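# Close look at the chain arrangement
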Amino acid sequence: MLLRTKLFGETYEFATIKEVLAKANEEKSGDQQAGIAANTAAERVAARLVLAEVPLSVLRENPVVPYDDDEVTRAIDDAVNETIYQEIKGWTVGEFREWILSNKTDSDQIRRVSNALTGEMVAGVAKLMSNLDLVVGGRKIHVVTHCNNTMGLPGTLASRNQPNHPTDSIDGIRAATYEGLSYGSGDSVIGINPSDDSVGNVSRILEMTKDIIDRWEIPTQNCVLSHVTTQMEAMKRGAPLGLMFQSLAGSEKAMQSFGISVGLLDEAYDMAKKYAWTTGPNYMYFETGQGSALSADAHNGADQLVLEARNYSLAKRWDPYQVNTVVGFIGPEYLYDSRQISRAALEDHFMGKLTGISMGCDVCYTNHAVADQNDLESLAVLFASAGGSFIMGVPMGDDAMLSYQSTSYHDAPSLRQALGLRPLPEFEAWMEDIGIWKNGQLTDLAGDASLFLQR
Amino acid sequence: MTQTIEEVVARVLAELRNEGLVPDVQQPSAGARVDDAGGLVIDLPDPTEEVHRRAIGVTDPADPDGLKNLCASTSARLGVGRAGPRPLTRSLLLFKADHGVTQDAIYGVVSEEIREKFGLFTVHTKAPERDVYLLRPDWGRLLDDEAKATIKENCIQGPDVQICVGDGLSAAAIDNNLTDIYPALEQGLKSAGLTLGTPFFIENARVGVMNDVNAIIHAKVIVLLIGERPGLGIADAMSAYMGFDPQPGKTDADRDLICMITTHGGTNPLEAGAYVVEFVKRMIKYSASGVRLREVAGDA
């Protein structure tokens, strides 16, 4: 394989497709830490010139981790629709970009092609896109899912109610849940990150949140973001689980570091279908984030964007209700500043939608990243403009358990009001019913957690 | 002059409202007044004190006492209220203050004064600047060549205990806590009959640098006092990492740790000093630290 181009008279040559993909990536500190990033801005563009001419078939045939060595690669490749693949395999990545952006191409056509894509193809085209390309491309692809609520309809923005507590106090979690609900947060899920991953604790939180949902007849689903095996055990013992959660990673080795495998998640998915109390047909909630494979030393020399795209291709296997990229949580050694974090969020949303999954974003940062709450709010506007399906809701953006900053309970209603977006339809009707939302904005009753002490 | 600034503001606002220039607004700030000479006085209490931090901002709650109880059940920022869909001014500014102090801690430099007070000379890791330090945690775990030479030249070899201080991710952690913890630690170790090495300060340090240090010093135990990643509102927490004969390749599993050492809602630094002494004595008694210490000492 010969992969080279001239640029301003200089010759740039790349040894492998994996190298082209890595060097074509936007600047990310994680790729630099891994020693695989472009050495100069010119080399980055040279890699893109080459990538734009690569046929999609070559990306399928050269996965960043070989088929025989990696069950993630196998799960993705085995799921490719061969009939549609025959139609698109000759397209170059550059042509693919223009096809997606063309006004003649609609959401249904893209969703059909999604079934023939691998993570390498999805990441490849994202690398050729500018930020506004990612917004335009992401926004035109509609992925609608259903658990108890309908997620992903154009013009909606959902919010996960994330009422974490440092030591999992049931009273504390309940109080924060009320606060979030009073702002209209919780249509995506009422989802708690536990500090104690035991079956008993996870079950208690599931029972408490299910009780709120029943008492207030809230159209939503509950979830505790513990390890999948803990949730499976809790379900077996009768705990009321609405969505089954797990973090994913883009290589077999990285999956192992999370204590999971494709087979285990197949089992979890079957159990959720069998025991979840919700309507379905989508029962799964996954979280991902660029850099996770590298942090487990399981990146196999591949860049963090392509590994992230592989997460989405893998996630599709279990028809998730929602997936979100926890974009700024990982720290500055993977995404250095707000520029890199924002770029990654737009890439992830676009790649998820192109893959055919429902995509949200934990718009967030840590205190040692070069970012602040203004950067976060700007990204939230960008993400909502790109048609992002949901964001997080955290009391004043300050997570009392995970020690990072995310979007506040105030931010979903702010974005809804500023951009003319709506909560998910079933949940919006409920908000209007209890009187906290009218004519597309919060009423005087909203923002008062004590409202929920009335029943 | 008996007219308060509230009255002045209320009168002006009433006039403006009559002219249709402003909508109805809430009470003007209670923080400002006019002094006897007619000058404006703004003299505010500290909004980061617990009583102000936890003040309820919801207008006309359905159940005022119930709301208080809800807010008291968690450290999360509840009951903050809103202006339209946005936070109130005071909760927005408190948040900015809490984040601001984390940034000052991360990008701050440990004061010369405190280093001199405890006779600490300064060496550097392979991360020369703060931005590089944030990008390359691996370089913060390695001493640069000059540091190795300086340590070799200045330090006692093979003491029982070597104390090092590192900035980590918070200069404020060292500035605010070293004065309390250091004497307690030094005194406690000496009373236990242990010999102490020559202490020094490591700039742009990560925890793993203790491995590199002991490859030169060969102490029985290394104690590294280092600044933690600042959390919102608590920017000066320090950790004490301890290891029995740390050497390159050793990991967190080989270390013991006392974290959240701060007078702001954590372990008091004076007490922490005493805990460290107890840990060090056990490490020397059992010639082990971390997971292995728990195995050989036979406790969970």
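Keep in mind that what you see is a predicted model, and the values were worked out from it rather than measured.

Another aspect to go through is the overall build of chain B. For chain B, the count of helices and strands is 11 helices and 8 strands. Within chain B, the fraction of its 300 residues that count as buried is 44%. By sequence separation, contacts in chain B at least 24 residues apart represent 66% of the contacts at least 6 residues apart. A total of about 14800 Å² of accessible surface is found on chain B, and carbon and sulfur atoms cover 53% of it.

Let us look at the UniProt feature "binding site: adenosylcob(III)alamin" (unreviewed entry) in chain A. Residues and elements named next belong to chain A. Within the UniProt annotation, "binding site: adenosylcob(III)alamin" (unreviewed entry) is assigned to Pro 194, Gln 246, Ser 295 and Met 401. Along the chain, the position of Gln 246 falls in strand S8 (residues 244–247). At a separation of 2.9 Å, a polar atom in the side chain of Gln 246 contacts the main-chain amide nitrogen of Val 228. If you trace the backbone, Ser 295 turns up in helix H16 (residues 292–295).

Further remarks concern the sheet that holds strand S10 (residues 322–325) of chain A. The strands making up a sheet associate through hydrogen bonds between their backbones, and the pairing can be parallel or antiparallel. Residues and elements named next belong to chain A. One open sheet accounts for 4 strands, arranged S8-S9-S10-S11; its pairing is parallel. Either end of the sheet is taken by a strand with one partner, and the two such strands are S8 and strand S11 (359–361). The average angle at which neighbouring strand axes cross in this sheet is 25°, direction not considered. Direction of pairing for S10 relative to S11: parallel, over a ladder of 3 bridges. For Asn 324, the partnering residue across the bridge sits in S11 and is Gly 360.

Now for the confidence of the model for chain B. Residues and elements named next belong to chain B. On average, residues of chain B score 91 in pLDDT, and 89% of them are at 70 or above. Taken together, the stretch residues 22–28 has pLDDT below 50 and engages in 9 contacts with residues farther than four places along the chain or on a different chain. Across the predicted assembly, pTM comes out at 0.91 and ipTM at 0.95.

Time to look at the sheet that holds strand S5 (residues 158–161) of chain A. Residues and elements named next belong to chain A. A sheet is described by the order of its strands in space; here 4 strands give the open sequence S7-S6-S5-S12, paired in parallel fashion. Two strands close off the open sheet at either side, each with one partner strand: strand S7 (222–224) and strand S12 (390–393). Pairs of neighbouring strands in the sheet enclose a mean axial angle of 30°, with direction left out of account. Relative to strand S6 (residues 189–192), S5 runs parallel, the two being bridged by 2 bridges. Residue Arg 160 lies in a different strand from S6, and its bridge partner there is Val 189. Across the sheet, helix H12 (residues 199–215) touches S6 and S7, and the angle it forms with S7 is around 165°.

Turning our eyes to something else, we now look at the UniProt feature "binding site: adenosylcob(III)alamin" (unreviewed entry) in chain B. All names here are of chain B. In this numbering, the UniProt entry assigns the feature "binding site: adenosylcob(III)alamin" (unreviewed entry) to Val 207 and Glu 228. A compact arrangement is adopted by the annotated residues: their sequence extent is 22 residues, whereas the largest C-alpha distance between any two is 10.0 Å. Take Val 207: it is sitting in the loop between strand S5 (200–203) and helix H9 (209–217). Taking the relative accessible area as the measure of exposure, Val 207 reaches 18% and is therefore buried. Tracing the chain through its elements places Glu 228 in the loop between strand S6 (221–227) and strand S7 (238–244). Other than its neighbours up to four places away in sequence, Glu 228 contacts Leu 169, Ser 170, Ala 237, Met 238, Ser 239, Cys 259, Met 260 and Ile 261.

Moving on to the interface of chain B and chain A. One widely used convention gives an interface's size as the accessible area the parts lose upon coming together. Counting from both sides, the interface comprises 41 residues of chain B and, opposite them, 50 residues of chain A. At the junction of chain B with chain A, the criterion picks out 3 salt bridges. Put simply, Glu 377 of chain A and Arg 86 of chain B hold a salt bridge, and the shortest N to O gap is 3.1 Å. Considering only residue class, the side of chain B that touches chain A consists of 20 nonpolar, 12 polar and 9 charged.

Next up on the list: the UniProt feature "binding site: substrate" (unreviewed entry) in chain A. Residue and element names in this part refer to chain A. Mapped onto the present numbering, the UniProt feature "binding site: substrate" (unreviewed entry) falls at Arg 160, Asn 161, Gln 162, Asn 193, Glu 287 and Asp 362. Tracing the sequence through the fold places Asn 193 in the loop between S6 and H12. Apart from the residues lying within four places of it in its own chain, the contact partners of Asn 193 are Arg 160, Gln 162, Asn 164, Asp 168, Leu 225, Met 401 and Leu 402. With respect to the helices and strands, Asp 362 occurs in the loop between S11 and helix H19 (373–385). Residue class for Asp 362 comes out buried when judged on its relative accessible area of 2%. Setting aside residues up to four positions removed in sequence, Asp 362 forms contacts with Gln 162, Asn 324, Thr 325, Val 326, Val 327, Gly 328, Met 392, Tyr 404 and Ser 406.

One pass over the full model with this rule turns up 34 salt bridges over all chains. It is possible to trace a salt-bridge network through shared partners that takes in Asp 398 of chain A together with Arg 53, Arg 77 and Asp 98 of chain B.

With that settled, the discussion passes to the pairing of strand S1 (residues 3–7) of chain A. Only one face of S1 of chain A is covered, namely the face carrying Leu 3, Thr 5 and Leu 7 of chain A; the face carrying Arg 4 and Lys 6 of chain A is uncovered. Between S1 of chain A and the antiparallel strand that follows it, strand S2 (residues 10–14) of chain A, lie 2 residues; Phe 8 of chain A among them carries a positive phi value of about 50°.

With that settled, the discussion passes to helix H8 (residues 171–191) of chain B. Residue and element names in this part refer to chain B. Taking 1.5 Å per residue, 21 residues should reach 30 Å; H8 reaches 29 Å between its end C-alpha atoms and fits that length. Along its length, H8 shows its largest kink, about 60°, at Leu 178. Burial in H8 covers these residues: Ala 171, Ala 173, Ile 174, Asn 177, Leu 178, Ile 181, Tyr 182, Leu 185 and Leu 189.

The next subject is unusual backbone geometry. Residue and element names in this part refer to chain A. In this structure, Pro 281 follows Gly 280 across a cis peptide bond, with omega equal to 10°. Looking at the element boundaries, Pro 281 is found in the loop between helix H15 (262–275) and strand S9 (284–288). Phi at Asp 319 is positive, roughly 40°, even though this residue is not glycine. Checked against the element boundaries, Asp 319 lands in the loop between helix H17 (304–315) and S10. Residue class for Asp 319 comes out partly exposed when judged on its relative accessible area of 40%.

Summed over the entire model, instances satisfying the criterion amount to 0 disulfides over all chains. The thiol sulfur of Cys 361 of chain A is not disulfide-bonded, and the nearest other cysteine sulfur, from Cys 364 of chain A, lies at 6.9 Å. Free cysteine: Cys 164 of chain B, not disulfide-bonded; nearest cysteine sulfur from Cys 155 of chain B at 7.6 Å. Residue classification places Cys 164 of chain B among the buried residues on the basis of a relative accessible area of 1%.

What counts and what doesn't
Position numbers for residues count from 1 along each chain, tracking the sequence in the order it is written. Each chain is given a letter, starting from A, and each ligand a number, starting from 1, according to the order in which they appear as written. Totals for whole chains, interfaces and linings use every residue, but because this is a predicted model, local features are given only for residues with pLDDT of at least 70 and side-chain atom pairs only at 80 or more, for both listing and counting. Hydrogen atoms and water are omitted, and side-chain values are computed over all heavy atoms in the structure. Numbering goes from the N terminus for both helices and strands, where a helix is a DSSP run of H or I of at least four residues and a strand is a run of E of at least two. Residue exposure (1.4 Å probe, protein chains only): buried if accessible area is under 20% of the type maximum, exposed if over 50%, otherwise partly exposed. In what follows, a contact means two residues having at least one pair of non-hydrogen atoms within 4.5 Å. Areas reported here follow the Shrake-Rupley algorithm with a probe of radius 1.4 Å; residue values treat only the protein chains shown as occluding. UniProt positions are given in the numbering used here, feature names are shortened, and annotations may be inferred rather than shown by experiment. The definition of a polar contact used here is a pair of N or O atoms within 3.5 Å, where within protein one atom must be able to donate a hydrogen and the other to accept one, and adjacent residues in sequence count solely through side-chain atom pairs. Pairing between two strands requires that DSSP report at least two bridges joining them. Axes here mean lines fitted to C-alpha atoms, for a helix over just the part in contact, with angles spanning 0 to 180 degrees between N-to-C directions. pLDDT gives the predictor's per-residue confidence on a scale running from 0 to 100. By definition, a salt bridge exists where a carboxyl oxygen of Asp or Glu is found within 4 Å of a side-chain nitrogen of Lys or Arg. Throughout this entry, Asp, Glu, Lys and Arg are counted as charged residues, while Ala, Val, Leu, Ile, Met, Phe, Trp, Tyr, Cys and Pro are counted as nonpolar. The remaining residues, Gly among them, count as polar. A helix is expected to span 1.5 Å multiplied by its residue count minus one. We define the bend at each residue as the angle formed by axes fitted to the 7 residues ending at it and the 7 residues starting at it. In this description, a disulfide is simply a cysteine sulfur pair whose atoms lie within 2.5 Å.

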